[in-house]
Amino acid sequence: MAISFTQKIARIPHYEAGAASVDAVEAEVATIAMLASNESPFPPVEGVIEAVRGAAGSLNRYPDPGARELRGAIAARYDFAPSGIAVGNGSCEILLAAAAALLEPWHEIVYAWPSFSMYPHLAGITDARAVTVPLAEGWVHDLDAMLGAITDNTRLLVLCNPNNPTSTYLPTEAIAGFLEEVPDHVFVILDEAYIEFQTVEDPDTSLDLLRRFANLAVLRTFSKVYGLAGLRVGYALAPEQFRVGVDTVRQPFTVNHLAQVAATEAIRHQDDVARRAEWNSVERLWMEEELAELGFTVADSQANFCWVGLADLDEGEVMRGLARAGVAVRPGKGLGDPGFLRVTYGRRAENERFIEALRDCLG
Ligand SMILES: *Cc1c(COP(=O)(O)O)cnc(C)c1O
């Protein structure tokens with residue numbers, strides 16, 4: 001007997017994990033260069049590992065449902081009211097909760113495309129209508145077109161900055177000008193999963209926007225620069241009402257104890273965050289030079305990954321060539337734009353493997 005699911009389940013897109021594209025057995029190498037998921041190639045800092053070890057003995061207890069220590073540490077880091085800080089089992093959970101809290105089936109959600117592969121789920125789980133706005137030249141958000149896409153039914157708009165998968169960045173000033181024009185009935189989520197890697201301005205510049213706009217949440221994560229993807233913790237800085245709304249639609253113990261402890265410790269190590277961002281800039285420059293030398297077009301990256309145009313190379317063939325060399329990257333086909341690759345910056349040896357494998361694809 002077939003299980004009879006709701007109709008909307010057929011409209012929820014399938015998420016394909018990055019490493020699935022390469023099988024170590026099929027690849028002719030012992031290790032896979034994991035350049036597919038925008039993770040940090042570095043383990044969490046020692047203090048965080050220690051804190052997790054120390055917390056393991058109390059796992060018979062449920063975590064603090066209010067995540068007070070973690071929210072307090074985030075509040076201290078940003079000088080922001082704890083009442084407006086929502087934490088989630090990854091920032092993706094906050095995105096999904098925001099959709100559940102804000103969107104009725106007759107509402108619309110606006111976001112750019114290609115952008116983060118999770119956004120189509122927000123419409124999928126709520127039955128709201130997804131309104132996607134193609135990126136402008138240079139693979140950046142087309143803010144004017146996004147304004148034009150807003151209707152009376154729009155309730156949620158998501159900006160991804162730097163944008164995943166295209167790595168491009170909009171300065172805070174451009175976003176401020178945009179927010180001035182967004183009507184009050186639209187709530188805006190500024191998804192800044194990669195903000196620590198951009199070198200255009202101080203990564204905290206965008207937080208000024210929260211003081212100016214009451215319809216805005218800034219979303220950040222411990223999964224990328226902090227190297228805690230395996231624990232899933234993200235947070236939103238937002239009006240208190242937003243935090244209450246997303247907390248209402250979720251289970252109470254959503255961020256587990258180890259994740260709370262690890263993130264609380266990790267945010268105290270801002271010197272390590274800065275060091276990792278600097279390391280990332282070095283790898284970014286190296287990759288850009290190597291790719292340019294091979295004749296590839298690359299978007300102007302302000303993230304820990306790049307968006308590489310394949311010109312007349314066949315995407316499938318390139319993916320197979322990279323897989324044989326044990327290099328996992330993301331094909332543009334699955335991300336909304338065939339003919340591109342999204343490549344995470346790994347350690348230098350991994351980046352070299354990618355470049356060598358790509359050189360081989362050129363024949
Ligand atoms: C990785 C990523 C996230 C964060 O994921 P979580 O692990 O759920 O915190 C959020 N937004 C974008 C655009 C991402 O690329």
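Refer to the structure above for everything that follows.
Read on for an overview of the structure. Please read these numbers as outputs of a predicted model, since none were measured by experiment.

Some remarks on the pattern of salt bridges
Working step 1: In this structure the tally under the stated criterion is 17 salt bridges.
Working step 2: For E108, the salt bridge identified is with R129, shortest N-O distance 3.3 Å. Of this pair, E108 sits in strand β3 (residues 108-113) while R129 sits in strand β4 (residues 129-134); the two residues are 21 residues apart in sequence, bridging distant segments of the chain.
Working step 3: The buried category is assigned to E108, whose relative accessible area is 8%.
Working step 4: The partly exposed category is assigned to R129, whose relative accessible area is 48%.
Working step 5: Across the pair D204 and R220 runs a salt bridge whose closest N-O atoms are separated by 3.2 Å. Separated by 16 residues along the polypeptide, D204 in the loop between β6 (187-191) and α7 (208-212) and R220 in strand β7 (residues 216-221) bring together distant segments of the chain.
Working step 6: Judged by its relative accessible area of 21%, D204 is partly exposed.
Working step 7: Shared partners join several salt bridges into a network, and the residues in it are E93, E240, R243, D247 and R250.

A word on the packing of helix α2 (residues 68-78) against helix α9 (residues 257-266)
Working step 1: Close contact between α2 and α9 brings their axes to 9 Å; oriented N to C, the two are set at 20°. By the angle class used here, α2 and α9 are roughly parallel. The chirality of how α2 crosses α9 is left-handed. Every residue of α9 that contacts α2 at E69, L70 and A73 is listed here: Q260, A263 and T264.
Working step 2: Its residues placed into classes, the contact of α2 with α9 shows three nonpolar, two polar and one charged.

Quick notes on the rules
Residues numbered from 1 in each chain as written. Predicted model: local features only at pLDDT ≥ 70, side-chain atom pairs only at ≥ 80, totals over all residues. Heavy atoms only, no water. Salt bridge = Lys/Arg side-chain N within 4 Å of Asp/Glu carboxyl O. Helix = DSSP H or I, 4+ residues; strand = E, 2+ residues; numbered from the N terminus. Buried < 20%, exposed > 50% of the residue type's maximum accessible area, 1.4 Å probe, protein only. Axes fitted to C-alpha atoms, helices over the stretch in contact; angles between N-to-C directions. Parallel < 35°, antiparallel > 145°, perpendicular 65-115°, else oblique. Left-handed = near helix turned anticlockwise from the far one by under 90°. Contact = heavy atoms within 4.5 Å. Nonpolar A, V, L, I, M, F, W, Y, C, P; charged D, E, K, R; others polar.

Structural measurements only, silent on function.
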